[in-house]
Amino acid sequence: MAKAADEIALSQSAASMALRDLEAHLGVDLFAREGKRLLLSDYGRQVQARASSLLRQAEELEKLTAGDELVGRLRLGATPALAHSALSEACGRFTRVHPGVVIDLSVAASIDVIAKVHRMSLDMGFIGSPTNRSDLETRDWIDDRLAIFCAPDHPCARRIGACLTKLLAEDWALEKAMSSERISLTMEALKHLSSIRIVFESDSIDAVKAAVRAGGMIGCLSRRTLTGEFARGELIDLEVPDLDVPRRATIIWKKDSYQGQLQSAFLDFVGAIEG
């Protein structure tokens, strides 16, 4: 309540009273109260989705006097691989063309991005694989493939093109288990061995790269996040033929939610990016 009150420039007591008045007017409890915690009720979740859509339309009405220039805040969520590559680059180009736009990009695993889009705390999400959720609208985005890599002084650097079975005996550095890259690698690896020897894992792509760069491990990440390191020779692409697995990123947004001018413009902008 304190954070919500601060966002709308009210005292906490005034915000609490406004919430009680709204619940009394609707005749329902929008929140379940557990001590000082507020948890959205089932009815509250329905109201939240509709209220978010109405507020977005109200914001567009206020901006009609500003002419055709795009203005506003865009709330995006993306997996680390997309946030560290194609999406951040697209955001930079978009805000350069539309200086009145502010983009708030959250980085999380696909499952968390999906949950936030469902709750409408994000306008749009970018995940590393398709989803069949009935509550979401989806659009295929860019192609992305996995890359297995090592440091230049690692013994495997002399085995470019080796089969995955031989490499699985090495020590590995990977993203944590909820990443789409980790899941894809595991599914391919289990065709060859019952397990992978993982000695380092992290939520951070940069941490995985640094661990591999130290020389003792093999890593697996989105190829798009490794372009610079491969070009500079800091890391070696092992070009594993067994791991030539097609992957397609997906754009998601809440079904039946209002897509304003800003959201639609950004969706068209990133949709024009070629795989």
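Our subject is the structure listed above.
This write-up is about the structure you can find in this document. (Residues numbered from 1 in each chain as written. Predicted model: local features only at pLDDT ≥ 70, side-chain atom pairs only at ≥ 80, totals over all residues. Heavy atoms only, no water.)

**Overview of the overall build of the chain**
Stage number 1. Each helix and strand in the chain was counted, giving 11 helices and 12 strands.
Stage number 2. For the chain, the spread of C-alpha atoms along the principal axes amounts to about 70 × 45 × 35 Å.
Stage number 3. Here the chain displays about 14800 Å² of accessible surface, and carbon together with sulfur accounts for 52% of that area.
Stage number 4. On the chain, the mean spot of the 34 positive side-chain charges and the mean spot of the 39 negative ones are 3 Å from each other. (Helix = DSSP H or I, 4+ residues; strand = E, 2+ residues; numbered from the N terminus. Areas by Shrake-Rupley, 256 points an atom, 1.4 Å probe, with all protein chains shown as cover. Lys, Arg positive; Asp, Glu negative; His and termini not counted. Charge placed at Lys NZ, Arg CZ, Asp CG, Glu CD.)

**Looking at unusual backbone geometry**
Both trends apply: most residues other than glycine have a negative phi, and most peptide bonds are in trans.
Stage number 1. Located in the positive-phi region is Met 120, a residue other than glycine, with phi close to 65 degrees.
Stage number 2. Residue placement: Met 120 occurs in the loop between helix H6 (110–119) and strand E5 (124–127).
Stage number 3. Its identity is not glycine, yet Glu 239 carries a phi of approximately 45 degrees, on the positive side.
Stage number 4. Structurally, Glu 239 can be placed in the loop between strand E11 (236–237) and strand E12 (247–254).

**Regarding the pairing of strand E8 (residues 172–175)**
Stage number 1. When E8 meets strand E9 (residues 198–202), the two strands line up parallel, connected through four bridges. Residue pairing across strands places Glu 175 opposite Ser 202, the latter belonging to E9.
Stage number 2. With two bridges joining them, E8 and strand E10 (residues 218–222) adopt parallel strand pairing. Bridged to Trp 172 within E10 is Ile 218. (Pairing = 2+ DSSP bridges.)

**Regarding the environment of Val 71**
Stage number 1. Within the secondary structure, Val 71 is located in the loop between helix H3 (42–62) and strand E3 (72–78).
Stage number 2. Note on Val 71: relative accessible area 25%, which makes it partly exposed.
Stage number 3. Along the chain, Val 71 and Ser 195 lie 124 residues apart, while their C-alpha atoms are 50 Å from each other. (Buried < 20%, exposed > 50% of the residue type's maximum accessible area, 1.4 Å probe, protein only.)

**What about the sheet that holds strand E6 (residues 136–144)?**
Stage number 1. On the basis of which strands lie adjacent, the open sheet formed by five strands has the order E4-E3-E5-E12-E6 and mixed pairing. Unpaired on one side and paired on the other, strand E4 (101–107) and E6 mark the two borders of the sheet. Along the sheet, successive strands turn relative to each other by an average axial angle of 25 degrees, direction set aside.
Stage number 2. Both E3 and E5 contribute to a ladder of three bridges, which runs parallel. Bridge assignment links Leu 76 to a residue of E5, and that residue is Met 124.
Stage number 3. Across the face of the sheet, H6 comes into contact with E3, E5, E6 and E12 while running at roughly 165 degrees to E5. (Axes fitted to C-alpha atoms, helices over the stretch in contact; angles between N-to-C directions. Contact = heavy atoms within 4.5 Å.)

**A look at the pairing of E3**
Stage number 1. In terms of burial, E3 is a largely internal element, five of the seven residues being buried.
Stage number 2. Relative to E4, E3 is paired through seven bridges, and the arrangement is parallel. Pairing of Arg 75 across the sheet is with Asp 104, part of E4.

**Details of the sheet that holds E8**
Stage number 1. Spatially, the five strands line up as an open sheet ordered E9-E8-E10-E7-E11, and their pairing is mixed. Here the strands that pair on one side only, and so sit at the sheet edges, are E9 and E11.
Stage number 2. Contacting strand E7 (146–150), E8, E9 and E10, helix H9 (residues 205–213) runs over the sheet at an angle of about 175 degrees to E8.

**Description of the packing of aromatic side chains**
Stage number 1. Per the counting criterion, the structure on display carries four aromatic pairs.
Stage number 2. Ring geometry for Phe 94 against Phe 269: centres 5.2 Å apart, planes inclined by 70 degrees, an arrangement best described as edge-to-face. You can see Phe 94 sitting in helix H5 (residues 86–97) and its partner Phe 269 sitting in helix H11 (residues 261–271), a full 175 residues away along the chain.
Stage number 3. With a relative accessible area of 25%, Phe 269 lands in the partly exposed category.
Stage number 4. Ring geometry for Phe 126 versus Trp 141: centroids 5.1 Å apart, planes at 65 degrees, classification edge-to-face. One end of the pair, Phe 126, is in strand E5; the other, Trp 141, is in strand E6, and 15 residues separate them in sequence.
Stage number 5. On the basis of relative accessible area, Trp 141 is assigned to the buried category, the value being 3%.
Stage number 6. In textbook terms, an aromatic cluster arises when at least three aromatic residues are bridged by ring pairs, as seen for Phe 94, Phe 126, Trp 141, Phe 266 and Phe 269. (Phe/Tyr/Trp six-rings, centres within 6.5 Å; stacked < 30°, edge-to-face > 60°.)

Treat this as a map of the structure, not an account of what it does.
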